[in-house]
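# A structural walkthrough
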Amino acid sequence: MTAEIAMSTVRLEFSPAPVHVRTARLVGVAVARRAGVAEELLDEVRLAIGEACTRAVALHQQYGLRDPVLVEMSDDGEYMVRVTDRAPIEAGLGLAALPPDELANESLTEEALTVGVGFALLAGFVDDLQVRPVDEGIGTEVRMVWPVRHGR
Amino acid sequence: MTPATGIKEEPPLPCPGRPRDRGSASLWLAAVGLVLVAAGVAGSAVGVATVAHHQARTAADLGALAGAARVVEGTDAACRSAAEIASANRARLVSCAVDGWEIVVTVEVAAHPLPALNRTASASARAGPVGVAARQATPSRAGPSRAKTGQAQGQFPASDVPVGSRRWLDAREGVAPAHRVPPKEVGMELSLAARTFAGHTVLEVGGEVDVYTAPKLRERLAELIDAGAAKVVVDLDRVDFLDSTGLGVLVGAHKRLRASGGTFGLVCSKEPLLKIFRITALDQVFPLYDSVNAATGAAPGPTA
């Protein structure tokens, strides 16, 4: 992170392994609390960061990528978390929330269901959510923004 | 500030990279000799179990290195060489596979920490030219991965262990591998306790159910169902965290029981968790109850 940007940033990179997702959640919530995100939103922050990281880990594992997953948390009048994976774009953007009747579909695999449910959770818990290709290179960025209290 | 700041660009996988063979047989063998000395000195100072562990790792590392030097001569020659080196380190070669330019070696060392206690320490190592690993490995364990491996009593199959082309660099320098796989400790994050209540099998879940711990929950539910449980209730009231992976496991158990004529209910009375079920529409899939009594029919009425 460059010095001229006048905001507080925490960057976390972790190997794409499930065991590290919990660490990312803990860090994300700690930084959110420090940034001034309302206490009642912290459960949602925790869940959303967990889902975004779980999704990134699953994509890296699916594509056999050992590249780290990047989590950037920044506090610039709002709390923004960006989770970046390095998986091919078509995989990252192929996500869609599943309608309820699909969830009960017998033929739906647990993996497909988990992906659909994960996306439903992200969309449901994050008002300001963007999933888009990274600006440079290969990968997808999940960008989540929460309001912070002022005058902290 | 761009999202890609600080991230090096990588071509998409699968994408065969060009092997860059920067090693040579004499270098490999010199490395083997150096580490044999280093390992021999270091090994004598510690306890039996640790020694066995260390010995297994060393044997795996050196075996892989020795094998890698002969990969060009074919799998037989490479693995024979790996077996000789493993044996010289008092280890037994358990498996040996050549994958492109790389060789993956797993060895076992017998240890006797107590007179009546026999254990085996096992370790895996992968060696090959730097830069080749990522692009040539199969997707299931592919990757420009770290080095390393090694777990007492062979808890991890070799394929689960992140291994990589940097292994040989570590070995050449005679240092302990930098990337250890720690023993898996799920208990700290997830608790599972099953009991029988009012004709139902009640599984009380506590802690965090996430992408890391959910496999334990899946396993436990499968064990219970395999053992004949047909009316299953999962009590989520002591769950602090539940993510999509955990929900996927619960749906899986639900489907399995429904297909075999069983029942599956969830006890969930806390609002944060209920919100998760509502947002995902899974409140329309699961019978949700506010108590174990309600779920087992000791009192009527689902809350959902």
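Calculation rules
- Residues numbered from 1 in each chain as written.
- Chains lettered and ligands numbered in written order.
- Predicted model: local features only at pLDDT ≥ 70, side-chain atom pairs only at ≥ 80, totals over all residues.
- Helix = DSSP H or I, 4+ residues; strand = E, 2+ residues; numbered from the N terminus.
- Buried ≥ 20, exposed ≤ 12 C-beta atoms within 10 Å, placed from the backbone.
- Contact = placed C-beta atoms within 7 Å.
- Pairing = 2+ DSSP bridges.
- pLDDT = per-residue confidence, 0-100.
- Expected span 1.5 Å × (residues − 1).
- Arc of directions from axis to C-beta.
- Axes fitted to C-alpha atoms, helices over the stretch in contact; angles between N-to-C directions.

To continue, consider the overall build of chain A. When helices and strands are counted, chain A shows five helices and five strands. Secondary structure elements of chain A, listed N to C terminal, follow the sequence β-α-α-β-β-α-α-α-β-β. Here chain A holds 152 residues, and the buried ones make up 45% of them. Considering only residue pairs separated by 6 or more positions, chain A has 66% of its internal contacts joining residues 24 or more positions apart.

Turning our attention to the overall build of chain B. A tally of helices and strands in chain B yields nine helices and nine strands. Taking all 304 residues of chain B together, 45% fall into the buried category.

Here we take up the pairing of strand β2 (residues 69-75) of chain A. Residues and elements named next belong to chain A. Here β2 lies mainly inside the structure; six of its seven residues are buried. Direction of pairing for strand β1 (residues 8-14) relative to β2: antiparallel, over a ladder of seven bridges. Bridge pairing in β2 places R11 opposite E72. Inspection of the sheet shows β2 paired to strand β3 (residues 78-84) by six bridges, in the antiparallel sense.

All names here are of chain B. Unlike most non-glycine residues, A198 shows phi in positive territory, near 50 degrees. By the secondary structure assignment, A198 is in the loop between β5 (190-197) and β6 (200-209). The class of A198 is partly exposed, set by 13 C-beta atoms lying within 10 Å. Even without being glycine, A281 reaches a positive phi, approximately 65 degrees. Residue placement: A281 occurs in the loop between α8 (271-279) and β9 (288-289). A residue is classified by how many C-beta atoms lie within 10 Å of it, and A281, with 20 of them, is buried.

What follows concerns the environment of R220 of chain B. All names here are of chain B. With respect to the helices and strands, the residue R220 is situated in helix α6 (residues 214-226). In this structure R220 comes out as partly exposed when scored by C-beta crowding, with 19 C-beta atoms within 10 Å. Sequence-wise, R220 and L203 are 17 residues apart; in three dimensions their C-alpha atoms are separated by 8.9 Å. Discounting chain neighbours no more than four positions away, the residues touching R220 are L192 and L203.

With that settled, the discussion passes to the confidence of the model for chain A. As a note on interpretation, predicted positions should not be read in detail where pLDDT is low. Per-residue confidence for chain A gives a mean pLDDT of 86; residues scoring 70 or more make up 83%. Mean pLDDT per element in chain A: helix α3 (residues 89-92) of chain A is the minimum at 60, and β3 of chain A is the maximum at 97.

Take α6 of chain B next. For an α-helix the count is 3.6 residues per turn, leaving residues at separations of three or four pointing the same way. Residues and elements named next belong to chain B. Taking 1.5 Å as the rise per residue, α6 with 13 residues should run 18 Å; its terminal C-alpha atoms sit 18 Å apart, in good agreement. All of the buried residues in α6 are A214, L217 and L221. For α6, the arc enclosing every buried residue in end-on projection is 55 degrees, short of the 170-degree limit, so these residues lie on one face. In this structure, α6 carries E219, E223 and D226 as exposed residues pointing more than 90 degrees from its buried face. Considering only its buried residues, α6 is in contact with β5, β6 and α7 (244-259).

Moving on to the environment of A125 of chain B. Residues and elements named next belong to chain B. Structurally, the position occupied by A125 is in strand β3 (residues 117-127). The class for A125 is buried, based on 35 C-beta atoms found within 10 Å. It is 8.2 Å that separates the C-alpha atoms of A125 and I103, two residues lying 22 residues apart in sequence.

A few words now on the environment of E141 of chain A. Residues and elements named next belong to chain A. Relative to the elements of secondary structure, E141 occurs in strand β5 (residues 140-147). The class for E141 is buried, based on 22 C-beta atoms found within 10 Å. The spatial distance from the C-alpha of E141 to the C-alpha of I89 is 9.9 Å, given a sequence separation of 52 residues.

Residue and element names in this part refer to chain B. Spatial ordering of the open sheet is given by β5-β6-β7-β8-β9, a layout of five strands whose pairing is mixed. Looking at which strands have only one partner, the edges of the open sheet turn out to be β5 and β9. Sheet topology places β5 next to β6; eight bridges connect them, and they run antiparallel. Across the sheet, residue F197 finds its bridge partner in β6, namely H200. The sheet strands contacting α6 are β5, β6 and β7 (231-242), and the helix crosses β6 at an angle near 175 degrees.

Attention now goes to the sheet that holds β3 of chain A. Backbone hydrogen bonds hold the strands of a sheet together, and the pairing may be parallel or antiparallel. All names here are of chain A. Taken in spatial order, the five strands of this open sheet run β1-β2-β3-β5-β4, and their pairing is antiparallel. The sheet terminates laterally at β1 and β4 (128-133), the two strands that pair on one side only. Here the strands of the sheet are splayed against their neighbours by 15 degrees on average, with no regard to which way each runs. The sheet strands contacting helix α2 (residues 42-62) are β2, β3 and β5, and the helix crosses β2 at an angle near 155 degrees.

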